[in-house]
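Given next are the chains, with one letter for each unit.
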Amino acid sequence: MRLDTFQTLGILACVVAGTMLTRFLPFLLFPESKKTPKLVSYLSTTIPAAMMGLLVVYCLKGVSVASWPHGLPELIAIAATAGLHLWRKNVLLSIGVGTVLYMVLVQLVFV
Amino acid sequence: MTEKKSLGRAFRLAFPKTIPVLTGFFVLGVAYGLLMSSHGYGPFWSLLFGATAFCGSMQFVAVTFLTGIFQPFQVFLMTLMVNARHLFYGLSMLQKYKGSGKFKFFLIFLMCDETFAINSSVEVPEGVDSKDFYFAVSVYDYCYWLISSFLGGVIGNFFTINTTGLDFALTALFVVLFIEQLKTRRNAVSGVIGIGAAALALLVFGADSFVIPAMVVILLVLLVCSRPIESLDAAKTEKGN
């Protein structure tokens, strides 16, 4: 059973409130008028690379290495994406080929 | 160049950068619309959730709270946990979004994984105001999500193409942007810390609850090693590797 309209809007309000708190808090804590602490500027330059690494792992969190196909489609497609990107440095090409390769692998090869 | 022209140019040049997000969001958005429909929430509900919260993964989680018992406090806490990574994004974009004036509210409101990934890594083309460019990327990604989730609610049932694996576009996007981030020594070290911490946290805490511990580890390692990391060159290495 789904919630009634009023309750649904209540859930939505909580999701919006929680999300916006996480989005606006850093900008409220460190407004433009105040000088950003040195440590915070250090973190703001180093965090993106670390987060990108985390996001890659996040995308792969559902992959089971223990059972067939042992994450092979992901491994192959990521290697192809990364290799192609290091070689040609063309973002769309790397992602396009990587994605199509992955689709072929999961739909036709590792079934 | 007038303000309006610069913005138009920004929208033209930003579009190609967002195509991977378009593919990824299309798949995930349609899936979200479908999921909502299956729980008795039509396309306008999907649209409303997307338009106001715009937080893909949390929107999926929120669906589980739309059936059964009404649990507003739990959903609020869950949202804070799942979206805590936005705090990192905000910290990272403090400088880049500085001075964006009337756009600033929207840049913050529209921050998501993919928009952050692009805006924190992209080299803004010459002749375009960086704030216009960031705004254009944010708006594109937002529209992709809204249109896709609405479509998912409407025509999802008639969709017969086998899209299995198409959502790999987002994984590939993060892989490519990760490589792009490695151009400076400092970022390379930070990137390795990110992968290492995330992999470690995934092993220890499991797939459903590793993000927060991973972020704590990243933060601690970056803080503890701030001296050696800061001494690394933040400028691009000559070869750009």
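In this report, the structure presented in the accompanying data block is examined. (Residues numbered from 1 in each chain as written. Chains lettered and ligands numbered in written order. Predicted model: local features only at pLDDT ≥ 70, side-chain atom pairs only at ≥ 80, totals over all residues. Heavy atoms only, no water.)

We now examine the packing of helix α2 (residues 38-59) of chain A against helix α9 (residues 168-181) of chain B. Direction vectors running N to C along α2 of chain A and α9 of chain B enclose 155°, while the axes themselves pass 9 Å from each other. With respect to each other, α2 of chain A and α9 of chain B are oriented roughly antiparallel. Along this stretch, α2 of chain A crosses α9 of chain B, giving a crossing that reads as left-handed. In this structure, α2 of chain A uses Pro48, Ala49, Met52, Gly53, Leu55, Val56 and Cys59 of chain A to contact α9 of chain B, whose residues at the interface are Leu170, Thr171, Phe174, Val175, Leu177, Phe178 and Gln181 of chain B. Looking at the contact of α2 of chain A with α9 of chain B, its residues break down into eleven nonpolar, three polar and no charged. (Axes fitted to C-alpha atoms, helices over the stretch in contact; angles between N-to-C directions. Helix = DSSP H or I, 4+ residues; strand = E, 2+ residues; numbered from the N terminus. Parallel < 35°, antiparallel > 145°, perpendicular 65-115°, else oblique. Left-handed = near helix turned anticlockwise from the far one by under 90°. Contact = heavy atoms within 4.5 Å. Nonpolar A, V, L, I, M, F, W, Y, C, P; charged D, E, K, R; others polar.)

This part covers helix α7 (residues 113-121) of chain B. Among the nine residues that make up α7 of chain B, eight are buried, leaving the element largely enclosed by the rest of the structure. Listed as buried for α7 of chain B are Asp113, Glu114, Thr115, Phe116, Ala117, Ile118, Asn119 and Ser120 of chain B. (Buried < 20%, exposed > 50% of the residue type's maximum accessible area, 1.4 Å probe, protein only.)

A full pass over the atoms with the stated rule returns two cavities of 30 Å³ or more. Estimated volume of the largest cavity: approximately 40 Å³. Looking at the largest cavity, the residues that line it are Phe30, Pro31, Glu32 and Thr36 of chain A together with Leu94, Gln95, Lys98 and Lys104 of chain B. When its residues are assigned to classes, the lining of the largest cavity shows three nonpolar, two polar and three charged. Taken as a whole, the second largest cavity holds about 30 Å³ of empty space. If you go around the second largest cavity, the residues you meet are Leu54, Leu55 and Tyr58 of chain A together with Arg85, Asp113 and Val211 of chain B. A per-class count over the lining of the second largest cavity returns four nonpolar, no polar and two charged. (1 Å grid on protein atoms, 1.4 Å probe; cavity = no way out; pocket = protein on both sides within 12 Å on 5 of 7 lines; lining within 4 Å. Points joined across faces, edges and corners; volume = space filled by probe spheres on them.)

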